[in-house]
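Chain by chain, the residues:
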Amino acid sequence: MLNIVIFGAPGSGKGTQSEKLVAKYGLQHVSTGEILRDEIEANTELGKLADSYMSKGELVPDCIVIDMLDCRTEKKRHVKGFIFDGFPRTVPQGEALSKMLSKHEEDVNAVISLEVADEELIDRLLKRGQISGRSDDNRETIEARLKVYYRQTSPLKEFYKERGILKEIDGIGTVDEIFRTIENEIDQLIK
Ligand code: B4P
């Protein structure tokens, strides 16, 4: 199995590049952001709870996201591998992911970190907000999400660097240019 984490600040292009990775490598896409937005859309209890955090730019608590993910990946054990998009977002989530995969003698094979400067991130998310209508794509919430990223999510880079699997990639350029760099990393891994 091939287990890839696509990592980066909000708006760095995780969702965009994940779609291309799924198309090329046939991996199962697991986007915690998408799962949570579906729950909000369906007005479930989980969705209502998630919305109270997401609309403020905060992370949904670890225990909720970890249980949600564990349940979904367990149901899909027959796949070629996973692309984890937007998960993990905290060190406890990173530890939980390794624990989940270790039940099947697996681990994360590579963490692709998309590096994009803050001004570009804000610009992209404001543009997306104009068309997506997402409640978290407005300036105030975007700034809160960036603070949360630096405080709670970026320490994961050190976590994965220590494990020797962090691949930092320039996330500025066209979607195809960035994808070619990611492809090179993954092709080396598969060889
Ligand atoms: P996510 O859904 O993961 O989304 P994101 O971080 O906002 O965006 P992403 O990086 O995927 O950007 P995209 O490709 O769309 O999270 C949303 C929220 O859910 C979080 O804030 C949190 O509250 C909650 N959540 C999710 N996972 C969680 C977890 N594990 N724990 C706790 N809470 C969690 O790209 C952004 C825009 O840029 C798009 O418009 C795209 O078209 C554009 N773009 C992409 N690549 C580009 C490029 N190369 N050049 C120019 N524009 C580009």
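Check the entry above for the structure.
The sections below set out a description of the structure shown in this document. In this text, all values refer to a predicted model and were calculated from it rather than measured experimentally. (Residues numbered from 1 in each chain as written. Predicted model: local features only at pLDDT ≥ 70, side-chain atom pairs only at ≥ 80, totals over all residues. Heavy atoms only, no water.)

Another aspect to go through is the site of the ligand. Taken together, 29 residues sit near the ligand, with Thr16, Thr32, Glu58, Arg128 and Arg145 positioned nearest. A distance of 2.9 Å separates an oxygen atom of the ligand from a polar atom in the side chain of lysine 14. The backbone of glycine 86 places a nitrogen or oxygen atom 3.0 Å from a nitrogen atom of the ligand. Those elements giving two or more residues to the shell around the ligand turn out to be helix H1 (14–25), helix H2 (32–41), helix H6 (118–132) and helix H9 (175–190). Top element by residues in the shell around the ligand is H2. It accounts for four residues. (Near = heavy atom within 4 Å. Polar contact = N/O pair within 3.5 Å; in protein donor to acceptor, adjacent residues only side chain to side chain. Helix = DSSP H or I, 4+ residues; strand = E, 2+ residues; numbered from the N terminus.)

Another aspect to go through is the sheet that holds strand S2 (residues 28–31). The strand order S2-S3-S1-S4-S5 describes an open sheet built from five strands, whose pairing is parallel. Unpaired on one side and paired on the other, S2 and strand S5 (166–170) mark the two borders of the sheet. In this sheet, neighbouring strand axes are inclined to one another by 20° on average, regardless of whether the strands run parallel or antiparallel. In terms of strand pairing, S2 meets strand S3 (residues 81–85) through four bridges, oriented parallel. The partner of serine 31 across the bridge, within S3, is aspartate 85. (Pairing = 2+ DSSP bridges. Axes fitted to C-alpha atoms, helices over the stretch in contact; angles between N-to-C directions.)

Attention now moves to the nonpolar core. Considering soluble globular proteins, one finds that nonpolar side chains tend to be buried as a cluster. Counting 36 residues, the largest nonpolar core has Phe84, Leu97, Val108, Val111 and Tyr160 as the members making the most contacts within it. With five residues, the single largest contributor to this core is helix H4 (residues 62–74). Tyrosine 160 has contacts with Pro88, Gly94, Leu97, Val108, Val111, Ile165 and Leu166, leaving out every residue within four places of it along the chain. Residues Leu21, Leu27, Ile83 and Ile112 belong to the second largest nonpolar core, which totals 15 residues. (Core = buried A, V, L, I, M, F, W, Y, C linked by side-chain atoms within 4.5 Å. Buried < 20%, exposed > 50% of the residue type's maximum accessible area, 1.4 Å probe, protein only. Contact = heavy atoms within 4.5 Å.)

To continue, consider the pairing of S3. For S3, a buried count of five out of five residues is recorded, marking the element as mostly surrounded by other parts of the structure. Burial along S3 is two-sided: the face carrying Gly81, Ile83 and Asp85 and the face carrying Phe82 and Phe84 are both buried. Pairing between strand S1 (residues 2–8) and S3: five bridges, direction parallel. From the neighbouring strand, isoleucine 4 faces S3, where its bridge partner is isoleucine 83.

Inspection of the entire model under this criterion finds 16 salt bridges. Here glutamate 45 makes a salt bridge to lysine 48, at a shortest N to O gap of 3.2 Å. With glutamate 45 and lysine 48 both in helix H3 (residues 45–54) and three residues apart, this pair spans about one turn of that helix. Judged by relative accessible area, which is 60%, glutamate 45 ranks as exposed. Note that glutamate 143 is salt-bridged to arginine 139, the shortest N-O span being 3.7 Å. With glutamate 143 and arginine 139 both in helix H7 (residues 139–153) and four residues apart, the pair spans about one turn of that helix. The class of arginine 139 is partly exposed, set by a relative accessible area of 46%. Through salt bridges with shared partners, one network takes in Arg128, Arg134, Asp136, Asp137 and Arg145. (Salt bridge = Lys/Arg side-chain N within 4 Å of Asp/Glu carboxyl O.)

The subject of this paragraph is the packing of helix H5 (residues 91–102) against helix H8 (residues 155–162). At a closest axis distance of 9 Å, the pairing of H5 and H8 adopts a crossing angle of 35°. Contacts between H5 and H8 involve Val91, Gly94, Glu95 and Leu97 from the former and Pro155, Leu156, Phe159 and Tyr160 from the latter. Looking at the contact of H5 with H8, its residues break down into six nonpolar, one polar and one charged. (Nonpolar A, V, L, I, M, F, W, Y, C, P; charged D, E, K, R; others polar.)

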